[in-house]
Amino acid sequence: RVLRESPATSDSGRLIYAHALAVGREPSSSELQILSRLLTQQRERLVSEELDAATIAGVPSNMYRQLTGQDVQSLVPWILVCRALLNLDETITKQ
């Protein structure tokens, strides 16, 4: 959803959008830095094959583009960042 609906095309713009969707406000500068580092780390873990994209995506890599229109290598880091956002206490207890 973040990649499809965000008006931004930059990572930081998309991170701001994702954070706002999850908790109802834009992230502070320190929160944005943390999210940016997390996104970078997940990309690095995927490239180093520490992470298995098909396992995280839930379908074989060759089917992912067919199902979503996106490349699995591009989406998996965003899946992991969004999972982290959805597991924040602030998201769970949003009022």
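Criteria and thresholds
Residues numbered from 1 in each chain as written. Predicted model: local features only at pLDDT ≥ 70, side-chain atom pairs only at ≥ 80, totals over all residues. Heavy atoms only, no water. Helix = DSSP H or I, 4+ residues; strand = E, 2+ residues; numbered from the N terminus. Rg over C-alpha atoms; globule rule 2.2 N^0.38 Å. Buried < 20%, exposed > 50% of the residue type's maximum accessible area, 1.4 Å probe, protein only. Contact = heavy atoms within 4.5 Å. Salt bridge = Lys/Arg side-chain N within 4 Å of Asp/Glu carboxyl O. Axes fitted to C-alpha atoms, helices over the stretch in contact; angles between N-to-C directions. Left-handed = near helix turned anticlockwise from the far one by under 90°. Nonpolar A, V, L, I, M, F, W, Y, C, P; charged D, E, K, R; others polar. Lys, Arg positive; Asp, Glu negative; His and termini not counted. Polar contact = N/O pair within 3.5 Å; in protein donor to acceptor, adjacent residues only side chain to side chain. Parallel < 35°, antiparallel > 145°, perpendicular 65-115°, else oblique.

Caption draft 1: A look at the overall build of the protein. A tally of helices and strands in the protein yields seven helices and zero strands. When the helices and strands of the protein are placed in sequence order, the string is α-α-α-α-α-α-α. For a compact globule of 95 residues, the expected C-alpha radius of gyration is about 12 Å, and the protein comes in at 14 Å, within 12% of that figure. Over its C-alpha atoms, taken along the principal directions, the protein stretches across nearly 40 × 25 × 25 Å. The 95 residues of the protein split such that 32% are buried. Here the analysis covers contacts within the protein between residues at least 6 apart in sequence; of these, 45% occur between residues at least 24 apart.

Caption draft 2: Representation of the side chain of Q42. As for its placement among the helices and strands, Q42 is situated in helix α3 (residues 29-47). The residues contacting Q42, other than those within four sequence positions of it, are L51, P77 and L80.

Caption draft 3: Expanded view of the pattern of salt bridges. In this structure the tally under the stated criterion is six salt bridges. Of the charged contacts, one joins D11 and R43 as a salt bridge, the two residues approaching to 2.6 Å between their closest N and O atoms. On the criterion of sequence distance, the pair formed by D11 in helix α2 (residues 11-23) and R43 in helix α3 is long-range, its members being 32 residues apart. Given the relative accessible area of 30%, R43 is considered partly exposed. Because the salt bridges share partners, they merge into one network encompassing R1, R4 and E5.

Caption draft 4: Structural view of the packing of α2 against helix α6 (residues 72-86). The N-to-C vectors of α2 and α6 enclose an angle of 35°; their axes lie 10 Å apart at closest approach. Our pair here, α2 against α6, has a crossing hand that is right-handed. Contacts between α2 and α6 involve D11, R14, L15, A18, H19 and A22 on the former and, on the latter, W78, V81 and L85. Among the residues forming the contact of α2 with α6, the class breakdown is six nonpolar, one polar and two charged.

Caption draft 5: Representation of the side chain of R14 in the model. For R14, the location among the structural elements is in helix α2. Despite its burial, R14 remains without a salt bridge, the nearest opposite charge being carried by D11 at 4.9 Å. Engagement of the side chain of R14 in a polar contact is seen with the backbone oxygen of A8, the distance being 3.5 Å. Leaving out residues up to four positions away in the same chain, R14 has contacts with V2, L3, S6, A8, T9 and W78.

Caption draft 6: Structural detail: the packing of α2 against α3. Packing of α2 against α3 leaves a shortest axis separation of 10 Å and a crossing angle of 115°. Overall, the two elements α2 and α3 adopt an arrangement that is roughly perpendicular. Considering the relative orientation of α2 and α3, their crossing is right-handed. Taken together, the residues of α3 that come into contact with α2 (itself represented by D11, S12, L15, I16 and H19) are E31, L32, L35, S36, L39 and R43. Residues of the contact of α2 with α3, tallied by class, amount to five nonpolar, three polar and three charged.

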